[in-house]
Amino acid sequence: MKVYKVKDYETMSQKAAAFLAAKMILKPDALLGLATGSTPIGTYKRLVEMYQTNDLDFSGIRTVNLDEYRGLPSSSPNSYHYFMKENLFSKVNILPENTHILDGSNPDTESVCQEYEDKIEKLGPIEVQLLGLGHDGHIAFNEPGDEFADRTHCVWLNEQTIQANKRFFAKEQDVPRQAYTMGIGTIMKARSILMLVSGSQKAEILKKVLEGPVTPKVPGSILRFHPDVTIFADEAALGCGQTG
Ligand code: F6R
């Protein structure tokens, strides 16, 4: 695991975009694993800028997203479908048929999850999986628990996650209680992983991910067993000291 300390959110976003751009240039038909949330917004902004200046081409790029709220149609402004369209897909020359996100509007958990696993298997392997880190240590929506969930599945969101995500909704009751998410096993099959962490409110959990025991109680800690993980974390998230 390579941990790079960066100054702040802006620098983190710049470096993350450069990292992803390098992968895209080397492999113009790469399958990218993408994330939503506040953390990658700056990265997507930078990627859009690179596209606008003709420095990046998305025409052959394929994407799969980590997760989606269960019960939200893709047209909902709170869905991750909508987020991806707003922040990236509608602003670059990616083909809509090359973007894949779990279908939150389909209540048939079994078929949604199986189809997604089959899809990743067929399109994959994921060249680089972008990850944020939840306040409770979750990656994608794999919440702390007694075991690592292997494959794409449906989860109940933790109270802490609901609290953290309510900022995107008009009121707390609107936050869906369930989500579909790639499993830990699905994520660990990616060739490489890029995790971004920003802000002092993530410092405690990041320390556990980096230095605590590898345990499903801190799902992000499993990344220590992956052979190719890069972390860009800003000074606030790292406290002081750790560089790579
Ligand atoms: C989003 C996702 C989540 C977020 C995490 C951090 O697709 O999978 O694991 O990465 O909740 O969210 P932010 O970036 O909003 O702090």
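The structure reproduced in this document is the subject of the present report.

Conventions used here
Residues numbered from 1 in each chain as written. Predicted model: local features only at pLDDT ≥ 70, side-chain atom pairs only at ≥ 80, totals over all residues. Heavy atoms only, no water. Helix = DSSP H or I, 4+ residues; strand = E, 2+ residues; numbered from the N terminus. Buried < 20%, exposed > 50% of the residue type's maximum accessible area, 1.4 Å probe, protein only. Axes fitted to C-alpha atoms, helices over the stretch in contact; angles between N-to-C directions. Parallel < 35°, antiparallel > 145°, perpendicular 65-115°, else oblique. Contact = heavy atoms within 4.5 Å. Salt bridge = Lys/Arg side-chain N within 4 Å of Asp/Glu carboxyl O.

**Some details on the environment of Gln52**
Topologically, Gln52 is positioned in helix 2 (residues 41-52). Given a relative accessible area of 57%, Gln52 falls into the exposed group.

**Section: the packing of helix 2 against helix 3 (residues 80-87)**
Running from N to C, helix 2 and helix 3 point in directions that differ by 40°, and their axes come no closer than 10 Å. Of the possible angle classes, the one that applies to helix 2 and helix 3 is oblique. Two secondary-structure elements touch here, helix 2 through Ile41, Tyr44 and Val48 and helix 3 through Phe83, Met84 and Asn87.

**Topic: the side chain of Thr63**
Relative to the helices and strands, Thr63 is located in strand 3 (residues 62-65). What makes Thr63 buried here is its relative accessible area of 1%. If we ignore the near neighbours within four places in the chain, the residues touching Thr63 are Leu31, Leu32, Leu34, Phe89, Ile94, Asn98, Thr99 and His100.

**Quick word on the pattern of salt bridges**
In the structure shown here, the tally under the stated rule is eleven salt bridges. In this structure, Lys207 and Glu211 form a salt bridge, with 2.9 Å as the shortest nitrogen-oxygen distance. Residue Lys207 and its partner Glu211 are both found in helix 7 (residues 203-211); the two are separated by four residues, about one turn of the helix.

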